[in-house]
Amino acid sequence: MLNTIMEAISVALDAEFGDGYEIYIEEISQDMGGHAFFIQCLNPTDRLFLGKRHFRQNQFCIQYFPLSEDDRNRECYEVLERMELCLEYIDVDGPMMGTKMSGKVVDGVLNFFVNYDCFVYRRGEAIPMMEEVSSETHVKG
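Summary of the structure given here. As the structure is a computational prediction, the values presented were derived from the model and not from experiment.

Turning our eyes to something else, we now look at the pairing of strand 2 (residues 36–41). With five of six residues buried, strand 2 is to be regarded as a mostly interior element. As judged from the six bridges shared by strand 2 and strand 5 (residues 59–65), these two strands associate in the antiparallel manner. If you follow Cys41 over to strand 5, its bridge partner there is Phe60.

With 16 residues, helix 1 (residues 2–17) ought to run about 22 Å at 1.5 Å a step, and its terminal C-alpha atoms sit 22 Å apart, in line with that. Turning to helix 1, its buried residues number three or more, namely Ile5, Met6, Ala8, Ile9, Ser10, Ala12, Leu13 and Phe17. In this structure, the buried side of helix 1 is in contact with strand 1 (22–24), strand 2, strand 5, helix 2 (72–86), strand 6 (89–91) and strand 7 (95–97).

Its location among the elements puts His54 in strand 4 (residues 53–57). Only 2.7 Å separates the side chain of His54 from the side chain of Asp46, close enough to count as a polar contact. Setting aside chain neighbours within four positions, we find His54 in contact with Asp46, Arg47, Leu48, Phe49, Cys118, Phe119, Val120 and Arg122.

To continue, consider the sheet that holds strand 9 (residues 109–115). Spatially, the five strands line up as an open sheet ordered 1-2-5-9-8, and their pairing is mixed. Here the strands that pair on one side only, and so sit at the sheet edges, are strand 1 and strand 8 (99–106). The average undirected angle you get between the axes of adjacent strands in this sheet is 20°. Here strand 5 runs beside strand 9; their pairing, made up of six bridges, is antiparallel. Along strand 9, the bridge assignment pairs Cys61 with Phe113. Seen against the sheet, helix 1 touches strand 1, strand 2 and strand 5 and runs at an angle of roughly 160° to strand 2. Each of strand 2, strand 5, strand 8 and strand 9 is contacted by helix 2, which is oriented at about 20° to strand 9, the strand it contacts most.

Between helix 1 and helix 2, whose axes approach to 10 Å, the crossing angle comes to 125°. Here helix 1 is positioned oblique relative to helix 2, judged by the angle of their axes. Of the two possible hands of crossing, helix 1 and helix 2 adopt the one that is right-handed. On helix 2, the residues that touch Ala12, Leu13, Glu16 and Phe17 of helix 1 are Val79, Arg82, Met83 and Cys86.

This brings us to the pattern of salt bridges. Counted by the stated rule, this structure contains five salt bridges. A salt bridge links Glu69 to Arg72, with the shortest nitrogen-to-oxygen separation between them at 3.5 Å. Residue classification places Arg72 among the partly exposed positions, given a relative accessible area of 24%. Of the charged contacts in the structure, one is a salt bridge between Arg74 and Asp71, with a shortest N-O distance of 3.4 Å. Given the relative accessible area of 36%, Asp71 is considered partly exposed. The network of salt bridges with shared partners includes Asp71, Arg74 and Glu78.

Rules and cut-offs
- Residues numbered from 1 in each chain as written.
- Predicted model: local features only at pLDDT ≥ 70, side-chain atom pairs only at ≥ 80, totals over all residues.
- Heavy atoms only, no water.
- Buried < 20%, exposed > 50% of the residue type's maximum accessible area, 1.4 Å probe, protein only.
- Helix = DSSP H or I, 4+ residues; strand = E, 2+ residues; numbered from the N terminus.
- Pairing = 2+ DSSP bridges.
- Expected span 1.5 Å × (residues − 1).
- Contact = heavy atoms within 4.5 Å.
- Polar contact = N/O pair within 3.5 Å; in protein donor to acceptor, adjacent residues only side chain to side chain.
- Axes fitted to C-alpha atoms, helices over the stretch in contact; angles between N-to-C directions.
- Parallel < 35°, antiparallel > 145°, perpendicular 65-115°, else oblique.
- Left-handed = near helix turned anticlockwise from the far one by under 90°.
- Salt bridge = Lys/Arg side-chain N within 4 Å of Asp/Glu carboxyl O.

On their own, these measurements won't tell you what the molecule is for.
So this is what it looks like as structure tokens:
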């Protein structure tokens, strides 16, 4: 599920920003220039909700590395506004809403946080049922 959400984030960013921007999911390239995004899931949690339903909380941090050396903060805040709009809903077998969106610029790099939380139904294996059980008891008394 995480890989599907990461791919949907990548598709949404590509649709908004176009081909001039690189998108990294696995790791950051050492020779990476500006105009690049790095997508990572920070702290996924899975909590049993009811029966076989589980509630998954997926917090993502999407880092943006600006191209400009002089106006890094301005460029980061412009990208932040566009990210808020394009990542509000992503397509993961239907629309999935991003929540808890926030962003901050640290050392000239934008860190954008968004949660994509969902319920997951786990299909378990059928528990084998016993055909018949018999028991004998003798009591003295």
